[in-house]
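Examining the three-dimensional arrangement
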Amino acid sequence: MNKHSIAGEIYVLKIGGSVLTDKGEIRKARKATIKRISKEIVQAAPKNLILVHGAGSFGHPQAKVYLKSRELKDALITHEAVKELNWLVVSALTDCGQKAIPLHPLSAVVSKGGKIVYKLNDQIELALKQGIIPVLHGDIILDDEDGFCIVSGDQLVVYAAKEFKASRVGLGTDVDGVFDDSGVVIRNLTLQDVEKQNIKGSEHVDVTGGMKEKVELLVQLAARYKIRAVLFNAAEESNVVKFLRGDDDLVGTVVTG
Ligand code: IP8
C-alpha cells in the first residue's frame, strides 16, 4: 500500500536509544528524558506523528549476545528488553494525556531474501486516523534464511517516511548533527558530500552501525523519494518541539538528495 487516507501532514520522528537510555549500562532508561520528550510532543501537538525509537541499552547488548549464540532464547531476551523500553515511551506519552500505542516489528516485519518486508501500514494508518501516535522501535525479526536479524529504528523511519509520504522527518540523536573534520556541524549534507566526507557523529557504533550508516539511509530517502530529513540533538531541551514546529533555529544537519 502506498496510498493512505490520512488528512494533514505526516511527520516521522525517531528518538535514538542513546538519548532514551544509558548505553554504558544494561537496561537503564533515562526516565526523566523520556518524560521531557513526551511533554514536548504534547506541547507541539503534531497532527499526525509516527514515532520510532532506538533500542539503546535495551537491545544492543542483548542483540550482540544473540548474533553470537544464534539461540532463540537470546532473540527473545532482545525482543523483551526493547519491548520494555517501548512500554516506558508509550506509557510516558499516555501519562501526558497523549494517545499512543506500541507497534512491535517482530510481529509484523520479516526479512526475506535479505529484504525487509513491512506489514505495518494498516496499523499505522488506523492509529493516525484516531489521533493515536504509533510507537515503533528497532527490533529483532524473523529471517527466512537464518533465524533472526535486526531491523533498526532508522530503517523503520525510512519505511514509514516513504510509505506515508512524510513531510517532515527527524532523527533525534545525542549530538548536534554530522560533524566535518574540524568538528563543526554540517548544516546541509548531500549524496556527493557523503561520498567524500569522513562522517563523524555519535560516539556509539552498535549492532546497527553508527552515524555513517544512518546518513547513508537518509541520503537514499532524499535521493529516491525526495524526502529530506534532519539530524538533531534530542538530548537538548526544546529541540523536539522545535523540530515538530519546524522552527528555523533548530541546529542540525539536513540531509538532501
Ligand atoms: O537502536 C536496534 O535498533 P536501533 C534494534 O534503532 C536492536 O539501531 C534490537 C538492537
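Residues numbered from 1 in each chain as written. Predicted model: local features only at pLDDT ≥ 70, side-chain atom pairs only at ≥ 80, totals over all residues. Heavy atoms only, no water.

1. Details of the packing of aromatic side chains
By the definition in use, this model includes 3 aromatic pairs. Summarising the aromatic geometry, the rings of Y66 and F148 are spaced 5.8 Å apart at their centres and angled 85° between planes, so their arrangement reads as edge-to-face. Placement of the pair is Y66 in helix α3 (residues 60–69) and F148 in strand β8 (residues 148–151), with a sequence separation of 82 residues. Taken individually, Y66 and F148 each receive the classification buried, so the pair is uniform in this respect. (Phe/Tyr/Trp six-rings, centres within 6.5 Å; stacked < 30°, edge-to-face > 60°. Helix = DSSP H or I, 4+ residues; strand = E, 2+ residues; numbered from the N terminus. Buried < 20%, exposed > 50% of the residue type's maximum accessible area, 1.4 Å probe, protein only.)

2. Description of the pattern of salt bridges
Applying the stated criterion across every chain, the model contains 11 salt bridges. Between R27 and E84 there is a salt bridge; the shortest N-O distance is 2.5 Å. Taken together, the residues span a long stretch of sequence, with R27 in the loop between α1 (17–20) and α2 (31–44) and E84 in helix α4 (residues 72–95) at a distance of 57 residues. A salt bridge links K212 to E216, with the nearest nitrogen and oxygen atoms 3.0 Å apart. Of this pair, K212 and E216 both sit in helix α8 (residues 211–225), 4 residues apart, which is roughly one turn of the helix. On the accessibility criterion, K212 (41% relative accessible area) is partly exposed. What emerges from the salt-bridge pattern is a single network uniting K14, D154 and K214. (Salt bridge = Lys/Arg side-chain N within 4 Å of Asp/Glu carboxyl O.)

3. Description of the site of the ligand
Lining the immediate environment of the ligand, one finds 15 residues, of which K14, A55, H60, G153 and T208 sit closest. A distance of 2.8 Å is found between an oxygen atom of the ligand and a side-chain nitrogen or oxygen belonging to H60. In the environment of the ligand, an oxygen atom lies 2.7 Å from a nitrogen or oxygen atom belonging to the backbone of G153. Look at the ligand: alone it shows 320 Å² of surface, and the protein chains cover 96% of it. Elements with a minimum of two residues in the shell around the ligand: α3 and β8. Of the residues belonging to the shell around the ligand, the class tally is 5 nonpolar, 8 polar and 2 charged. (Near = heavy atom within 4 Å. Polar contact = N/O pair within 3.5 Å; in protein donor to acceptor, adjacent residues only side chain to side chain. Areas by Shrake-Rupley, 256 points an atom, 1.4 Å probe, with all protein chains shown as cover. Nonpolar A, V, L, I, M, F, W, Y, C, P; charged D, E, K, R; others polar.)

4. Overview of the packing of α3 against α4
The contact between α3 and α4 brings their axes to 8 Å, and the two run at 165°. Taken together, the axis directions place α3 and α4 in an arrangement best described as roughly antiparallel. Crossing of α3 against α4: the hand is left-handed. The segment α3 lies against α4, with Q62, A63, V65, Y66 and S69 engaging D74, A75, I77, T78 and A81. When the residues that make up the contact of α3 with α4 are grouped by side-chain class, the tally is 6 nonpolar, 3 polar and 1 charged. (Axes fitted to C-alpha atoms, helices over the stretch in contact; angles between N-to-C directions. Parallel < 35°, antiparallel > 145°, perpendicular 65-115°, else oblique. Left-handed = near helix turned anticlockwise from the far one by under 90°. Contact = heavy atoms within 4.5 Å.)

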